[in-house]
Amino acid sequence: MGGGYSDLELAIGVEDGIIYRRTVIATTVHPRQILESGSIPVTDHHFGLDLIVTPHESIETVTSFERPPGVLLGHLDDEKRASIPVLAGR
């Protein structure tokens, strides 16, 4: 989807106590979407992946940055906060 929605959903899950440090974060991608480490910018609200699955292989990853502790409200503009009802009251 882009726009940080996946990271936001994970952060909400962390805050709500349904995603833990030991929770494996995996995704499916086309092989052309796999990039070398450090080739895309990363900010404090991003979550690293533990597993990448393509039609032909499963790739375990190693990430060097910490998972965010939850929703980083300072990374959201007013429009995004207003458009996501679950963020009301956070």
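Structure shown above.
A short tour of the structure in this document, coming up. What you see is a predicted model, and the numbers here were worked out from it, not measured in a lab.

It is worth spelling out the overall build of the chain at this point. On a plain count of helices and strands, the chain comes out with two helices and three strands. Helices and strands in the chain line up, N terminus first, as α-β-β-β-α. For the chain, the proportion of its 90 residues judged to be buried stands at 23%. A sequence separation of at least 24 residues applies to 60% of the contacts in the chain between residues at least 6 apart.

Before going further, it helps to examine the environment of E60. Within the secondary structure layout, E60 lies in strand 3 (residues 58-60). Sequence spacing of E60 and H45 is 15 residues, and the spatial spacing of their C-alpha atoms is 21 Å. What E60 contacts, discounting residues up to four positions off in sequence, is D50 and L51.

Under the criterion given, the structure shown has two salt bridges. A salt bridge links R21 to E66, with the nearest nitrogen and oxygen atoms 3.9 Å apart. In this pair, R21 sits in the loop between helix 1 (5-15) and strand 1 (26-28) while E66 sits in the loop between strand 3 and helix 2 (78-83), placing the two residues 45 residues apart along the sequence. Each member of the pair R21 and E66 is classed as exposed.

Side chains of L35, I40, V42 and F65 sit close together on the surface and give an oily, nonpolar patch of about 360 Å² of accessible area. Note that I40 resides in the loop between strand 1 and strand 2 (51-53).

Note that D7 resides in helix 1. Separated by 2.9 Å, the side chain of D7 and the backbone nitrogen of F47 make a polar contact.

Let us look at helix 1. Every buried residue belonging to helix 1 is among D7, L8, L10, A11, I12 and G13, and all of these are buried. Taken from the residues just after helix 1, G17 is the one with a positive phi, measuring 75°.

Take the sheet that holds strand 1 next. Spatial strand order, 1-2-3: three strands in an open sheet with mixed pairing. Strand pairing shows two members of the sheet lacking a second neighbour, strand 1 and strand 3, which therefore form its edges. Direction aside, neighbouring strands of the sheet carry axes that sit 15° apart on average. Relative to strand 3, strand 2 runs antiparallel, the two sharing three bridges. The residue bridging L51 from the neighbouring strand is E60, located in strand 3.

Thresholds, definitions, all that
- Residues numbered from 1 in each chain as written.
- Predicted model: local features only at pLDDT ≥ 70, side-chain atom pairs only at ≥ 80, totals over all residues.
- Heavy atoms only, no water.
- Helix = DSSP H or I, 4+ residues; strand = E, 2+ residues; numbered from the N terminus.
- Buried < 20%, exposed > 50% of the residue type's maximum accessible area, 1.4 Å probe, protein only.
- Contact = heavy atoms within 4.5 Å.
- Salt bridge = Lys/Arg side-chain N within 4 Å of Asp/Glu carboxyl O.
- Patch = residues over 30% accessible without salt bridge, like charges linked within 9 Å, V, L, I, M, F, W, Y side chains within 5 Å.
- Areas by Shrake-Rupley, 256 points an atom, 1.4 Å probe, with all protein chains shown as cover.
- Polar contact = N/O pair within 3.5 Å; in protein donor to acceptor, adjacent residues only side chain to side chain.
- Pairing = 2+ DSSP bridges.
- Axes fitted to C-alpha atoms, helices over the stretch in contact; angles between N-to-C directions.

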